[in-house]
Amino acid sequence: DGGIGADAKSERQHDGGYETRVAAQGANGVAEVLRYHLHEGQAARVAASSAWGVSGSTSAMAPSTSRPVGWPFASFRISPPEGAVVAAGADAGFALIDEAISTAKELKDSYTLAMALAWAAGLAHLERDPAEVDRLASELIELSTRHHFAYFLNQGSILRSWVRSASGNTAEGIPGIEQGIKELRATGSVLDLDTHLAGKAEALHLADRTSEALEAINEAVANAERFEHGYCSAELHRLRGVFLATL
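Residues numbered from 1 in each chain as written. Predicted model: local features only at pLDDT ≥ 70, side-chain atom pairs only at ≥ 80, totals over all residues. Heavy atoms only, no water.

## Considering the overall build of the protein chain
Logical step 1: A count of helical and extended segments in the protein chain gives 10 helices and 0 strands.
Logical step 2: Secondary structure elements of the protein chain occur, N-terminal to C-terminal, as α-α-α-α-α-α-α-α-α-α.
Logical step 3: The buried share of the protein chain, taken over its 247 residues, is 46%.
Logical step 4: Restricting to contacts in the protein chain with at least 6 residues of sequence separation, those with at least 24 account for 65%.
Logical step 5: Only carbon and sulfur atoms are counted for the fraction: they give 54% of the accessible area of the protein chain, which is about 11,900 Å². (Helix = DSSP H or I, 4+ residues; strand = E, 2+ residues; numbered from the N terminus. Buried < 20%, exposed > 50% of the residue type's maximum accessible area, 1.4 Å probe, protein only. Contact = heavy atoms within 4.5 Å. Areas by Shrake-Rupley, 256 points an atom, 1.4 Å probe, with all protein chains shown as cover.)

This is the structure in structure tokens:
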């Protein structure tokens with residue numbers, strides 16, 4: 001795989017490795033935001049039920065007071081040297097995300113479900129798990145098509161195109177990623193542009209188009225610096241190092 005997947009797996013074999021820290025950081029932060037959305041959604045349902053004289057129960061998914069609710073990568077703090085603690089945090093975070101997905105389905109909260117599926121797929125991408133990304137992205141695409149969630153439909157399509165590339169079908173994967181990025185740019189959104197450019201760069205590298213991969217990753221780095229998207233900077237620089245090492 002040109003070093004991308006192998007390097008990531010090697011990192012995860014060491015306590016406190018980069019991929020493990022990102023997984024722990026992302027999983028716990030994402031779970032906290034999803035917890036908040038589910039709590040708010042359930043509170044609204046309880047209020048509506050009370051107004052109509054229908055009995056309801058309050059949600060146990062209340063936001064934690066141990067850390068602020070906000071952007072996922074800013075809402076969770078870890079101590080990098082404590083590898084075992086970090087690994088446990090990742091497991092706990094992924095378990096919470098699974099719980100959030102189940103709860104969103106139970107509450108029939110389609111938007112929070114789409115959010116949970118998108119973040120779960122993104123974390124599976126960080127884990128370099130194409131099969132899991134494909135499963136989650138497919139469910140996200142089906143849900144988003146049914147409910148006309150254009151943003152999440154785009155997310156799912158890009159992630160599934162990354163799966164095709166990671167599975168060896170770069171001929172279909174790269175155009176799919178590029179089309180998704182084009183549609184994202186058309187909305188004026190820059191929030192996820194960096195990570196999708198990184199996915200494009202990976203696909204180009206796997207297709208032995210490393211010079212183009214460097215162009216994509218350099219654009220992602222510049223965008224991250226311009227909009228202060230520090231949450232993805234380390235991964236962008238790691239990928240750039242992988243690409244440069246093969247030239």
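## Some thoughts on the nonpolar core
Logical step 1: I101, L117, F152, I217, L236 and F243 are the most contacted members of the largest nonpolar core, which has 48 residues in total.
Logical step 2: At 11 residues, helix 4 (residues 110-126) tops the list of elements feeding residues into this core.
Logical step 3: Not counting the four nearest positions on each side in its chain, I101 is found in contact with L113, A116, L117 and A120. (Core = buried A, V, L, I, M, F, W, Y, C linked by side-chain atoms within 4.5 Å.)

## What about the environment of T103?
Logical step 1: Within the secondary structure layout, T103 lies in helix 3 (residues 83-107).
Logical step 2: Of note is the side chain of T103, whose polar atom sits 2.8 Å from the backbone oxygen of E99. (Polar contact = N/O pair within 3.5 Å; in protein donor to acceptor, adjacent residues only side chain to side chain.)

## Overview of the side chain of H205
Logical step 1: Relative to the assigned elements, H205 resides in helix 8 (residues 193-206).
Logical step 2: Classification of H205 as buried rests on a relative accessible area of 5%.
Logical step 3: In this structure the side chain of H205 is engaged in a polar contact, spanning 3.1 Å, whose partner is the side chain of T210.

## Quick notes on the packing of aromatic side chains
Logical step 1: The final tally for this structure, using the stated rule, is 3 aromatic pairs.
Logical step 2: Taking the centre distance of 5.5 Å and the plane angle of 85 degrees together, the rings of Y111 and F149 count as edge-to-face. Here Y111, found in helix 4, pairs with F149, found in the loop between helix 5 (130-147) and helix 6 (150-166); they are 38 residues apart in sequence, far enough to count as distant.
Logical step 3: Assessed through its relative accessible area of 45%, Y111 is described here as partly exposed. (Phe/Tyr/Trp six-rings, centres within 6.5 Å; stacked < 30°, edge-to-face > 60°.)

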